Amino acid sequence: VAVNRGASGIDGIISSAAGYADSSDNPTTLVVGDLASLHDLNAFHTIARSSVHTQHSHTPSLSSHSPPLTTVIVNNDGGGIFSFLPIAKHGNDVGFEDFFGTPTSSFAFDKAAD
């Protein structure tokens, strides 16, 4: 078991798990929330690129021997933790749900997996 908490807990989580998987001799499973995954969605592109052999030494890559990284995204429609912020009490007056709650219901995570 390994843990990572980036600044505010939502940045770089997928990249950290990929690094852990790369340095580990074991398959790795990441359970991450929908909003946190959006903050590091580009990591999947890097992981996919790293699995393709390239002759360019400047291209970032995971080791060819890396165990698999399985990622489970809990799609629960956004950052519920932000409801603990003091601004939450102002609700619709400040557009709390759109700007702080950041609902993800309109995002198709299956497209990001392609």
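Residues numbered from 1 in each chain as written. Predicted model: local features only at pLDDT ≥ 70, side-chain atom pairs only at ≥ 80, totals over all residues. Heavy atoms only, no water.

Caption draft 1: Summary view of the overall build of the protein chain. The helix and strand inventory of the protein chain stands at five helices and two strands. For the protein chain, the succession of helices and strands along the chain, N to C, is α-β-α-α-β-α-α. A buried classification covers 25% of the 114 residues belonging to the protein chain. Taking the contacts inside the protein chain whose residues are at least 6 apart along the sequence as the reference set, 68% of them involve residues at least 24 apart. Carbon and sulfur atoms make up 55% of the accessible area of the protein chain, which amounts to about 7800 Å² in all. (Helix = DSSP H or I, 4+ residues; strand = E, 2+ residues; numbered from the N terminus. Buried < 20%, exposed > 50% of the residue type's maximum accessible area, 1.4 Å probe, protein only. Contact = heavy atoms within 4.5 Å. Areas by Shrake-Rupley, 256 points an atom, 1.4 Å probe, with all protein chains shown as cover.)

Caption draft 2: View of the nonpolar core. With eight residues, the main nonpolar core is built from Ile-10, Ile-13, Ile-14, Ala-17, Leu-30, Val-32, Ala-36 and Ala-43. Elements with a contribution of two residues or more to this core: α1 (13-23) and β1 (28-33). Sort the elements by how many residues they give to this core and α1 lands first, with three residues. Other than its neighbours up to four places away in sequence, Ala-17 contacts Thr-28, Leu-30 and Leu-69. (Core = buried A, V, L, I, M, F, W, Y, C linked by side-chain atoms within 4.5 Å.)

Caption draft 3: Structural context of the pairing of β1. Only one face of β1 is covered, namely the one carrying Thr-28, Leu-30 and Val-32; the face carrying Thr-29, Val-31 and Gly-33 has none of its residues buried. Strand direction decides the pairing type here: β1 and strand β2 (residues 69-74), joined by six bridges, are parallel. By the bridge assignment, Val-32 is partnered in β2 with Ile-73. (Pairing = 2+ DSSP bridges.)

Caption draft 4: Up close: the packing of aromatic side chains. Counted by the stated rule, this structure contains one aromatic pair. The interplanar angle of 10° and the centroid separation of 5.5 Å between the aromatic rings of Phe-96 and Phe-100 together place this pair among those described as stacked. With Phe-96 and Phe-100 both in helix α4 (residues 96-101) and four residues apart, this pair spans about one turn of that helix. Under the relative-accessibility criterion, Phe-100 is labelled partly exposed at 29%. (Phe/Tyr/Trp six-rings, centres within 6.5 Å; stacked < 30°, edge-to-face > 60°.)

Caption draft 5: Seen up close, the packing of α1 against helix α3 (residues 42-50). Relative orientation of the contacting elements α1 and α3 amounts to 30°, with a least axis distance of 8 Å. For the element pair α1 / α3, the angle class is roughly parallel. For α1 against α3, the interelement crossing comes out right-handed. Two secondary-structure elements touch here, α1 through Ile-14, Ser-15 and Ala-18 and α3 through Ala-43, Phe-44 and Ile-47. Residues belonging to the contact of α1 with α3 are distributed by class as follows: five nonpolar, one polar and no charged. (Axes fitted to C-alpha atoms, helices over the stretch in contact; angles between N-to-C directions. Parallel < 35°, antiparallel > 145°, perpendicular 65-115°, else oblique. Left-handed = near helix turned anticlockwise from the far one by under 90°. Nonpolar A, V, L, I, M, F, W, Y, C, P; charged D, E, K, R; others polar.)

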